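Below, each chain spelled out in residue letters.
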Amino acid sequence: MTDKPKLLIVEDDLGLQSQLRWHFDQYEIIVAGNRVDAVDAIQLHEPPLVLQDLGLPPDDEGVDEGFRCIREISTLAPNTKIIVMTGNADYENAVRAVAMGAYDFYQKPVNSETLDLILQRAYHIFELEEQNRRLQEQRQEPLEGIIACDPTMMKICRTIEKLAPSIVTCTLTGESGTGKEVLARALHQLSSRHEGRMVAINCAAVPENLMESELFGYEKGAFTGANKRTLGKVETASGGTLFLDEIGDMPLALQAKLLRFLQERVIERVGGREEIPVDVRVVCATNKDLQKMVQEQTFREDLYYRICEMEIHIPPLRDRQGDKLLLARHFLRKFTEQNNSQVTGFSSEAVDAIEAYDWPGNIREMENRVKRSVVMADDKLISSEDLGLVSDESLNINLRQVRQNAEKNAILRALAMKEGNISAASKLLGVTRPTLYDLIKKYNIQVAITE
Ligand SMILES: Nc1ncnc2c1ncn2[C@@H]1O[C@H](COP(=O)(O)OP(=O)(O)OP(=O)(O)O)[C@@H](O)[C@H]1O
Ligand SMILES: [Mg+2]
């Protein structure tokens, strides 16, 4: 191991190889004689710097292989700085290489001092960018155990932080697998009650006739088989948090009893006569539309208002920006470590498939698919087949989705650059103000806007 930055030299001329290797002793030098070896070395070493000849075998005299190499390296390692060496007076190809993603070019014959300077500067920029990325990551820390970069998710994380110290009753709504339970746990962890327990009850899983004793407990002899006094979930959660999962499935009869508890903060065990005060923070979750249930009279309106003192809607994964890949990579790391797997990443078509897919099962589906693919993969790179994501249909959605994503991203970026100023942002985007307003509505972009 050395502390020197790594420099990958992609050059087939053996003489030049050793000359460069000898000269650049301030770097840890890795040498590749062709494109395939260069790509392998990129994956293995992740060097910050690449010095690459444009004429690579088998196309020594041409530039096609060299351009291919640039393209592959910049896809695999977009942060790596590639400096291209071209033949004397081959200015046009040098410029093309930069347009394709190379950081800079250098025309042979080699003058080591000049190359030194170019590499030093490139490494300096690489380090600054790294530092910037790290700062950005720190600044956008979501919550412990939550992986997200989507602005709406970030806002939710901040809301959870703010709510945590209070006793406000929160209800988390959202599709299945969006992370309602992980967020409820985060809320508990961040509260002053974190040393108490978080007790969960799944209202959809407990049969109606057992629900009351499950929630409030029972006294000995309350019913046949009640051999000893047993505490319910509410009492067990005393001093901590009670998590009422799938609250939309709570039977109407129990809804009344729960409401009473939430108002009076006392319980009565089944078969008991005593009113017992209990101090718990209540958090609910559901994937049902509670407002609609209120209209249909399957959910009590008074209970609805009581539990939704604060309602937090968690967006589905398909509406989160940048989170699909972030989560996919997070789960990939987790499962490759767990399985001691050789897998190193996703193939580029797998990345496209992940972006294009709608993820109806949200994060849970992502977790399961990545977990399975790590086991199934024959290759170092996970394919879309390993993920079970290949169909013509997904390709169709793909193009539309890619366009829409690009459009939405451009708008967000323009608004960010112009600090939400609509006139300036529309000018930057080359559209009229009304068009920009329409697009903001279409993509449900929520940022502070000024005229
Ligand atoms: N933002 C996230 N970062 C990392 N892991 C997450 C995230 N959101 C969810 N998960 C993981 O995804 C899985 C599903 O999350 P969770 O059980 O909280 O979803 P849910 O909304 O309660 O789903 P359901 O409605 O089906 O009960 C869990 O394994 C959870 O750890
Ligand atoms: Mg859940």
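Bear in mind that the values here come from a model prediction, so they are computed numbers and not experimental data.

Explain the environment of Leu-303 to me, please; I cannot follow it from the model alone.
You can see Leu-303 is positioned in helix α12 (residues 301–307). A C-alpha to C-alpha distance of 43 Å links Leu-303 and Thr-435, two positions 132 residues apart in sequence. For Leu-303, the residues in contact, after removing those within four places along its chain, are Gln-255, Leu-258, Leu-259 and Leu-262.

Can you help me understand the domain arrangement of the chain in this one?
Interface extent is often summarised as the accessible area lost during association of the parts. Entries for the chain in the domain assignment read domain 1 (6–139), domain 2 (151–315) and domain 3 (395–451). On a C-alpha basis, the centroid separation for the pair domain 2 and domain 3 is 40 Å.

Even after reading the chapter, I still don't get the site of ligand 1, so can you show me in this structure?
Around ligand 1 sit 18 residues, and of these Ser-176, Gly-177, Lys-180, Arg-364 and Glu-367 come closest. Between ligand 1 and Val-182, the relevant distance is 3.0 Å, taken from an oxygen atom to a main-chain nitrogen or oxygen of the residue. Compared with its free state, where it exposes 630 Å², ligand 1 has 85% of that area covered by protein. Put simply, the parts of the chain that give the shell around ligand 1 at least two residues each are α7 (180–190), α13 (323–339) and α15 (362–376). Split by residue class, the shell around ligand 1 holds six nonpolar, six polar and six charged.

Explain the sheet that holds strand β1 (residues 6–10) here, please?
The strands making up a sheet are joined through hydrogen bonds of the backbone, oriented either antiparallel or parallel. What the five strands build is an open sheet, ordered β2-β1-β3-β4-β5; its pairing is parallel. Each edge of the open sheet carries a strand with a single partner, namely β2 (28–32) and β5 (104–107). Geometrically, the sheet is characterised by an average inter-axis angle of 20° between neighbouring strands, direction not taken into account. Where β1 and β2 come together, five bridges link them in parallel fashion. Within the sheet, the bridge partner assigned to Ile-9 lies in β2 and is Val-31.

What is the right way to look at unusual backbone geometry in this model?
Negative phi characterises most residues that are not glycine, and trans characterises most peptide bonds. Omega for the bond connecting Pro-57 with Pro-58 falls within 30 degrees of zero, at 5°, which places this linkage in the cis form. Checked against the element boundaries, Pro-58 lands in the loop between β3 (49–53) and α3 (64–76). The residue Asn-340 is not glycine, and still its phi comes out positive at about 50°. Assignment of secondary structure puts Asn-340 in the loop between α13 and β15 (345–346). Despite not being glycine, Asn-444 has its phi angle at roughly 55°, a positive value.

Got a minute to help me understand the sheet that holds strand β13 (residues 281–286) in this structure?
Ordered by their spatial adjacency, five strands build an open sheet running β7-β10-β13-β6-β14, and the pairing between neighbours is parallel. Of all the strands in the sheet, the pair left with one neighbour each is β7 (198–202) and β14 (310–313). On average, each strand axis in the sheet is inclined to that of its neighbour by 20°, with strand direction left out of account. With five bridges connecting them, β7 and strand β10 (residues 241–245) associate as parallel partners. Counted as the bridge partner of Met-198 is Thr-241 from β10.

Explain the pairing of β10 to me, please; I cannot follow it from the model alone.
Both faces of the sheet carry side chains from a regular strand, because those side chains alternate between them. Burial analysis of β10 places five of its five residues in the buried class, which makes it a mostly covered element. Burial of the side chains of β10 extends over both faces: Thr-241, Phe-243 and Asp-245 are buried on one face and Leu-242 and Leu-244 on the other.

I tried to follow the pattern of salt bridges on my own but got confused; where do I start?
Evaluation of the coordinates by the stated rule reveals 24 salt bridges. Across the salt bridge formed by Lys-81 and Glu-129, the nearest N and O atoms sit 2.8 Å from each other. In this pair, Lys-81 sits in strand β4 (residues 81–86) while Glu-129 sits in helix α5 (residues 112–139), placing the two residues 48 residues apart along the sequence. Residues Glu-407 and Lys-442 are paired through a salt bridge, measuring 4.0 Å at the closest nitrogen-oxygen approach. Here Glu-407, found in helix α16 (residues 392–417), pairs with Lys-442, found in helix α18 (residues 433–442); they are 35 residues apart in sequence, far enough to count as distant. On the accessibility criterion, Glu-407 (33% relative accessible area) is partly exposed. Taken together, the shared-partner salt bridges connect Arg-35, Glu-65, Arg-68 and Glu-72 into one network.

Rules behind the numbers
- Residues numbered from 1 in each chain as written.
- Chains lettered and ligands numbered in written order.
- Predicted model: local features only at pLDDT ≥ 70, side-chain atom pairs only at ≥ 80, totals over all residues.
- Heavy atoms only, no water.
- Helix = DSSP H or I, 4+ residues; strand = E, 2+ residues; numbered from the N terminus.
- Contact = heavy atoms within 4.5 Å.
- Domains from an automatic or database assignment.
- Near = heavy atom within 4 Å.
- Polar contact = N/O pair within 3.5 Å; in protein donor to acceptor, adjacent residues only side chain to side chain.
- Areas by Shrake-Rupley, 256 points an atom, 1.4 Å probe, with all protein chains shown as cover.
- Nonpolar A, V, L, I, M, F, W, Y, C, P; charged D, E, K, R; others polar.
- Pairing = 2+ DSSP bridges.
- Axes fitted to C-alpha atoms, helices over the stretch in contact; angles between N-to-C directions.
- Buried < 20%, exposed > 50% of the residue type's maximum accessible area, 1.4 Å probe, protein only.
- Salt bridge = Lys/Arg side-chain N within 4 Å of Asp/Glu carboxyl O.

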